[in-house]
Amino acid sequence: MNKRAKKAITLAAAVTSLGTSLGVAPVDAQAAVDMFLQQGKKDSVRESTQGKIESTQGKIESTQGKISNQEKHIDPVNLNKNR
Amino acid sequence: MARGDTVMRIPARKTDLDGNAVFGFTCNQCLNCCHHKKIQVNPYEIARIAETLGITTTECIALYTTGNGSYLKFREDATCPFLDTRGCTIHAVRPLVCRLYPLSRHVSDTGHEWFSELQPQKNCTGIYLGQGSIRTYINEQNAEAYMQAADCYLNMLWKMMAMLENLVADVEEQPHGQHPDDAIGVHTEYSNWMDMDVVVDRYCQIRQTAFPDDIDEKMRMHLDALYFWINNA
């Protein structure tokens, strides 16, 4: 795995964690992560199959109006405990 | 949000409110809103809690958070880990979302800020005053410093997301050889990047500067290290 790929994976994880902690909608933080992972997987497949698979080109469509929602959330998993 | 993680947003009964919107609330410490919740925490908030508890941010993240430091780790009985019979044991350093409640704050990537008034918690004994303003309430809750810290990390997040988009678009190989990251020694496992103490410790070692006691200075160094990484790696 080249340095660019390593950095992107590290960055993607940081985006996910920090995005969650700041209430950025999952689709916004995860979209960037998923796009790279798709790209990364196709790159690695291309390496192993010697370029036979076309990698997806193009920039990620950024979601218009990324929003940080700073608020308490309900935990649906434990919602019925002790009620 | 981490894969597999789920949250339910509390419905808002009013939204698109600015700081001058009429709002007032007196909490009567019923503690109902400390149950069955997911509480976001960012690196600044973790640092504040860690300092109060006399532990490192690494320990705080391990003991009290989930999602790689994104949420407080609630107990099996669905209570906040910092709740005891007397109430919040970290009230002076409680996270922003606890300070804002029953409000929520929204910030767009263009810097636009607005607020929502959330549906009241079932069995909440707090009193809605019908006077005052959101800005006054925020000041009463000493939320300003926490909002500023959140904005600092938000600006970082927007840059990270833009960088990630560019990495996908840029298909050129990185050159081999000595990498700028090595010079500042910020190669670290991804799980460490949100750990302020780990990052700042490395930062101070490389720059041969003292590890700060002041949390605002630590945050500044944390962000400096992160900015260097995303701009130079």
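Caption draft 1: Main features of the overall build of chain B. A tally of regular secondary structure across chain B gives 8 helices and 11 strands. Within chain B, buried positions represent 49% of all 233 residues. Contacts in chain B between residues far apart in sequence, at least 24 positions, make up 67% of those at least 6 positions apart. In the form shown here, chain B has an accessible surface area of approximately 11100 Å², with 49% of it arising from carbon and sulfur atoms.

Caption draft 2: Broad picture of the packing of helix H1 (residues 43-53) of chain B against helix H8 (residues 215-232) of chain B. Residue and element names in this part refer to chain B. Running from amino to carboxyl end, H1 crosses H8 at an angle of 145 degrees, the nearest separation of the two axes being 10 Å. As H1 packs across H8, the resulting crossing turns out to be right-handed. Across from Pro43, Tyr44, Ala47, Arg48 and Glu51 in H1, the residues of H8 making contact are Ile215, Asp216, Met219 and His222. Of the residues assigned to the contact of H1 with H8, the class counts are 5 nonpolar, 1 polar and 3 charged.

Caption draft 3: Seen up close, the sheet that holds strand E1 (residues 8-9) of chain B. Pairing in this open sheet of 3 strands is antiparallel, and the strands run E1(B)-E2(A)-E4(B) from one edge to the other. Two strands bound the open sheet, and with one partner strand each, they are E1 and strand E4 (37-38) of chain B. Sheet topology places strand E2 (residues 73-74) of chain A next to E4(B); 2 bridges connect them, and they run antiparallel. In the strand pairing of E4(B), Ile74(A) is matched with Lys37(B).

Caption draft 4: Expanded view of helix H7 (residues 196-207) of chain B. Residues and elements named next belong to chain B. In this model, H7 (12 residues) spans 16 Å end to end at C-alpha, consistent with the 16 Å of a helix rising 1.5 Å per residue. Turning to H7, the residues buried within the fold contact H1, helix H2 (57-64), helix H5 (144-169) and H8. Positioned one or two residues after H7, Gln208 has a phi angle of 55 degrees, which is positive.

Caption draft 5: Looking closely at the confidence of the model for chain B. On average, residues of chain B score 87 in pLDDT, and 87% of them are at 70 or above. Reported confidences for the modelled complex are a pTM of 0.82 and an ipTM of 0.86.

Basis of the calculations
Residues numbered from 1 in each chain as written. Chains lettered and ligands numbered in written order. Predicted model: local features only at pLDDT ≥ 70, side-chain atom pairs only at ≥ 80, totals over all residues. Heavy atoms only, no water. Helix = DSSP H or I, 4+ residues; strand = E, 2+ residues; numbered from the N terminus. Buried < 20%, exposed > 50% of the residue type's maximum accessible area, 1.4 Å probe, protein only. Contact = heavy atoms within 4.5 Å. Areas by Shrake-Rupley, 256 points an atom, 1.4 Å probe, with all protein chains shown as cover. Axes fitted to C-alpha atoms, helices over the stretch in contact; angles between N-to-C directions. Left-handed = near helix turned anticlockwise from the far one by under 90°. Nonpolar A, V, L, I, M, F, W, Y, C, P; charged D, E, K, R; others polar. Pairing = 2+ DSSP bridges. Expected span 1.5 Å × (residues − 1). pLDDT = per-residue confidence, 0-100.

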